Amino acid sequence: MVAMQNVSLGVHHVVHMPQPDDFAFWREHARTLIQCDVPPDRVSWVEPGGTGDLFAHGGNAHGEKRLPVPDKDAPPVRVSKRFMRLAKNAILHSDTSRFAQLYLLLWKLQSNPRMMEDKADPDVRKVEEWDKSVRRDSHKMHAFVRFREVESDEGKHYVAWFEPDHHIVRANAGFFKRRFANMKWSILTPRGCIHWDGEVMRESGPAQRSDAPSDDPTEDLWKSYYASTFNPARLKVGAMMSEMPKKYWKNMPEAELIPDLIASAQAREAGMVSAGEREERLRPQNLAEVSDAISACRDCPIAECGPRAVMGEGAIGSPLMIIGEQPGDQEDLSGKPFVGPAGQLLDECLEAAKIDRSAAYVTNAVKHFKYVLRGKRRIHQSPTAKETDTCRWWLEAERAIVQPRIILALGASAARGLLGKTVSISQARGAPIPLEDGSELWVTAHPAYLLRLEGEARKEQGALFAHDLSAVRARMSALTMQSSYHSQIA
Amino acid sequence: MSQQTLRQKLEILADAAKYDASCASSGTSKKNSLGGKGIGSTEGMGICHAYAPDGRCISLLKVLLTNHCIFDCHYCINRKSSNVRRARFTPQEVADLTINFYKRNYIEGLFLSSGIIKSSNHTMELLVEAARILREEYDFRGYIHLKTIPEADPGLIHQAGLYADRVSINVELPTTSGLSRLAPDKDAVQIEGALAKTKSRIIEAKDERKRFKHAPRFAPAGQSTQMIVGADDASDADIVGKASNLYGNFGLRRVYYSAFSPIPDASAVLPLKRPPLMREHRLYQSDWLMRFYGYAPGEVAQATDTHGNLPLDIDPKLAWALKFRGQFPVDVNRAAKEQLLRVPGLGTTAVGRILAARRHRTLRLDDVAKLTQSIAKVRPFLVALDWRPSTLTDRADLRALLAPKQEQLELF
């Protein structure tokens, strides 16, 4: 300590920063010190509330609090724009050596004005890194602040709790002001708070998490959005963690979902793939396999009541596939499709339209009989859309094996079994719907519907039905002609 | 059916929109809410307000207005023959959700797309209405991205561009044959026509603003598009070629690639397994090579294998360098910027730093190490004051030395 009193070492200056982020104050003092030619090792910079370094201990016995006054003709201090930009940001860093380091760099720049361009210089690099982490911290503040709405006497007030790494709160007040100019909001942090009432920005001292509201009903919607927008087929936890490190999670409502989303992702993706695989690998390759498989199928609740599965009837390669809704009482007993009253009516109409039923493949969209017991009678119940869609899988298997060129769907359930959506019979009938494998679908009413009608209505619908069947018949002839023509010219 | 709650609708319609890759909110004109009645600002850089465990940024409220659709595109979960739950927002509901999320600082704005209901025009009207409510009734000054429908009336698309920061039209698939097979209701000519029309509107609006200060802005963040990768058999070379045509012809800001994901209730025409996610990443890297590193599309194609695909284990720049070793090593103290940009492992930032630093000193390998991410990766391709790779560049096993270990690539 004796050496400190040696005049040849010069006076040691101590600068007490009034605020940890006061760039203007630092700049003014640094400018004066440079003009007085005070080398970096002769200045101590003290954080507000800090005790400074070795020289400041025991009062300011060896330090000169008052700054020297530069000569009137001292040259102005010049520095590159780049340094100014970096220093303004780097001064917000929480490293306590930042004021001294910036002064050191400023000092060196006086003799080497272009030093900032040398990215390999360690002093430049240090400041650049501070600048970078401050920018990142600010950016994360813009991104991760989460306001919660509270009702107050003057209307809605939005309050957030945020924990920055550096002294960035005041510097970022402008961003939030410009963005939420017409909202009353407060951002509370352990490094001080900012408040905007729509006109004036106010500051207050450090706050605690418990000062901020703990809930906002809109967070549930936001969490739903967060969970739904995540694609489990592309789990990339590392990428998420590098941009949204865990330290931020505790103040982000959506983050509490992350562990579960990750844990269930593989199962969800496997589910999507295996749902697809069912189509590809397990699809039966011949009609006997389909028949076995539908008997064992319990994918929907219908089969649980005990009816037998009724398989389609007809030959592979039949040009026409006729699809009904589901087996009825008689069909369930006989195990054959379309043998009950509706089947008999269908047979009559087919014969009238000159369509040979034995040359067609006849089946149902749903393979089991759905009914309710009323006394001893089993009363038909329409299958739900979901049941139809579940059974679609078997219908598609039959279709892939039989490969008909024309499909005639009787009724809305049959059409749904093929299209996967409900169509209106009145709109869909009368014109073919092309299917992706090149075949075509014709839709008409179910004969059971005709059986329930009487009088004029029956006559009218019967005519429409007959008309649809003859259109199918005409289309079949046209296709046969076409293919025989093609085989001739081939 | 019971009435769906807002939350149920949000779940369905966010889930339906998640296969759209873009979430960018950058590059639009600067605006803020000072002096206005509402809220919102855009200051150049977009902000990612959260990250999902799939590593993707959540910047915008990305939803569909509805996932009902009269189209039947096989790769799309919302195709009419799909068995997904359907839901529908009103434009007012979308606008309110956007404002409520924005006020809590969850998002930068809205990315609104839709399945086609009734007709293309009807759907487009609803999309425009949601944007109108936000801009005119709420004086919302945040970011809006509208997906426009190529078949819709040009007047409606024009309206969309006046409200939105960015508009986009998906080209969907890299080849016309893929499009007609997998998206039978879409038409490549129509899509490209719409892209061209939007491009000329953007140019016109910019030109008018030069002459008249108050001329309305039209999609100041430009237009973008998206291609699905891995649903058809297009090779990486096909895709890169297509992308560079799109950039060239339609002045696109971005071409997004979306690796085809297995979707629930998939159509049987589709492959079952997703392509490796790495493929999507490699395509983005090649996109970067063309946009920022001065590679011609043909040069990216040179980096592909005999099937026209980019290697998955190494990045396309390294693949190119390994094929054209005669161009290396490059002298870090003398080489032109264009040559330095071709060195695997040197990014645009590192090249900028090298160019600045070498005005002050002759760089040694140590100096280069301070300026780059990984000296081990760049070393074989560089000459520095105290370093010459000698035989390294000629080694047959250089690829093996530089390629990252395979097991690091997939998280499974």
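For the structure itself, look to the data block above.
What comes next is a walk through the structure. All values derive from a computational prediction rather than experimental measurement.

Along the chain, Phe328 of chain B connects to Pro329 of chain B via a cis peptide bond; the corresponding omega equals -5 degrees. If you check the backbone angles, Asp37 of chain A has positive phi at about 60 degrees while not being a glycine. When you line up the elements, Asp37 of chain A lands in the loop between α1 (23-35) and β2 (43-46). Judged by its relative accessible area of 56%, Asp37 of chain A falls in the exposed class. The backbone of Asp139 of chain B sits at a positive phi, close to 50 degrees, despite the residue not being glycine. Along the chain, Asp139 of chain B turns up in the loop between α3 (120-137) and β5 (143-147).

Residues and elements named next belong to chain A. At a minimum axis separation of 10 Å, helix α3 (residues 98-111) and helix α4 (residues 122-144) run at an interaxial angle of 135 degrees. When the axes of α3 and α4 are compared, the pair comes out oblique. Considering the relative orientation of α3 and α4, their crossing is left-handed. Contacts between α3 and α4 involve Arg98, Gln101, Leu102, Leu104, Leu105 and Lys108 on the former and, on the latter, Asp123, Val124, Lys126, Val127 and Trp130. The residue makeup of the contact of α3 with α4, split by class, is six nonpolar, one polar and four charged.

This part takes up the sheet that holds strand β15 (residues 440-444) of chain A. Residue and element names in this part refer to chain A. Strand order in the open sheet formed by five strands is β10-β9-β13-β15-β14, with mixed pairing between adjacent strands. Every other strand in the sheet has two partners, leaving β10 (360-364) and β14 (433-434) as the edge strands with one partner each. Note: strand β9 (residues 320-324) against strand β13 (residues 406-410), four bridges, orientation parallel. Considered in β13, the bridge of Ile323 is made with Ala409. This element, helix α13 (residues 412-419), spans β9, β13, β14 and β15 of the sheet and lies at about 135 degrees to β13.

Basis of the calculations
- Residues numbered from 1 in each chain as written.
- Chains lettered and ligands numbered in written order.
- Predicted model: local features only at pLDDT ≥ 70, side-chain atom pairs only at ≥ 80, totals over all residues.
- Heavy atoms only, no water.
- Helix = DSSP H or I, 4+ residues; strand = E, 2+ residues; numbered from the N terminus.
- Buried < 20%, exposed > 50% of the residue type's maximum accessible area, 1.4 Å probe, protein only.
- Axes fitted to C-alpha atoms, helices over the stretch in contact; angles between N-to-C directions.
- Parallel < 35°, antiparallel > 145°, perpendicular 65-115°, else oblique.
- Left-handed = near helix turned anticlockwise from the far one by under 90°.
- Contact = heavy atoms within 4.5 Å.
- Nonpolar A, V, L, I, M, F, W, Y, C, P; charged D, E, K, R; others polar.
- Pairing = 2+ DSSP bridges.

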